[in-house]
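Structural overview for review
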Amino acid sequence: MSELNIYQRINKVMQEIKYVQKDSSISGGGANYKAVSHDQVVSVLRESMVTNGIMVFPVQTEGEFLIKRDLAATPPVKMGLYSGTYDINFVNIDNGEDSVNVSVQAHANDNGDKAPGKALSYAVKSAMLKVFSLETGENDESREEQRDI
């Protein structure tokens, strides 16, 4: 590929991708808002990351259920709360020693066994959004490059 280091490769992705549109509506607990999903972030970034030779992989460094689901409890605990800490690694595919690592703590609720996976997805999504400085406005009008200053 090229002699670019990981920071130059990240910069190339930042030049190509500036915005990820929110694609999910979240409601519950009295809150209603729009969010960007992990899949949306990956779908927007993947081609540019491949083209620019960047691989991302997470490593979990800590994890535990802060609240365990227990339907036999009084009152029943219907949702489990998981907490995980992850090192999200962005690696130059031409030189595995050349990388950027971001530590992210993530939490997730689930009424089944999916909370650890949800926390991992949230950590990766958060790291990608921050490393590539991506905007996540609710619509195209909120994009930074379209604002009058």
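Residues numbered from 1 in each chain as written. Predicted model: local features only at pLDDT ≥ 70, side-chain atom pairs only at ≥ 80, totals over all residues. Heavy atoms only, no water.

Alignment of strand 4 (residues 80–92) against strand 5 (residues 95–110), held across 13 bridges, turns out to be antiparallel. Note on strand 5: the bridge partner recorded for Gly 80 is Asp 110. Counted between consecutive antiparallel strands, the loop separating strand 4 from strand 5 contains 2 residues. (Pairing = 2+ DSSP bridges. Helix = DSSP H or I, 4+ residues; strand = E, 2+ residues; numbered from the N terminus.)

The next subject is helix 1 (residues 6–16). Turning to helix 1, its buried residues number three or more, namely Ile 6, Arg 9, Ile 10 and Val 13. Mapping the buried residues of helix 1 onto a view down its axis gives an arc of 100°, with all of them on the same face. Its buried side turned inward, helix 1 meets helix 2 (38–51), strand 3 (54–67), strand 4, strand 5 and helix 3 (115–131). Capping of helix 1 at its N-terminal end is provided by Asn 5; its side-chain oxygen lies 2.9 Å from the backbone amide nitrogen of Tyr 7. (Buried < 20%, exposed > 50% of the residue type's maximum accessible area, 1.4 Å probe, protein only. Arc of directions from axis to C-beta. Contact = heavy atoms within 4.5 Å. Polar contact = N/O pair within 3.5 Å; in protein donor to acceptor, adjacent residues only side chain to side chain.)

Turning to its location among the elements, Val 42 is positioned in helix 2. As a C-alpha pair, Val 42 and Val 124 span 82 residues in sequence and 9.4 Å in three-dimensional space.

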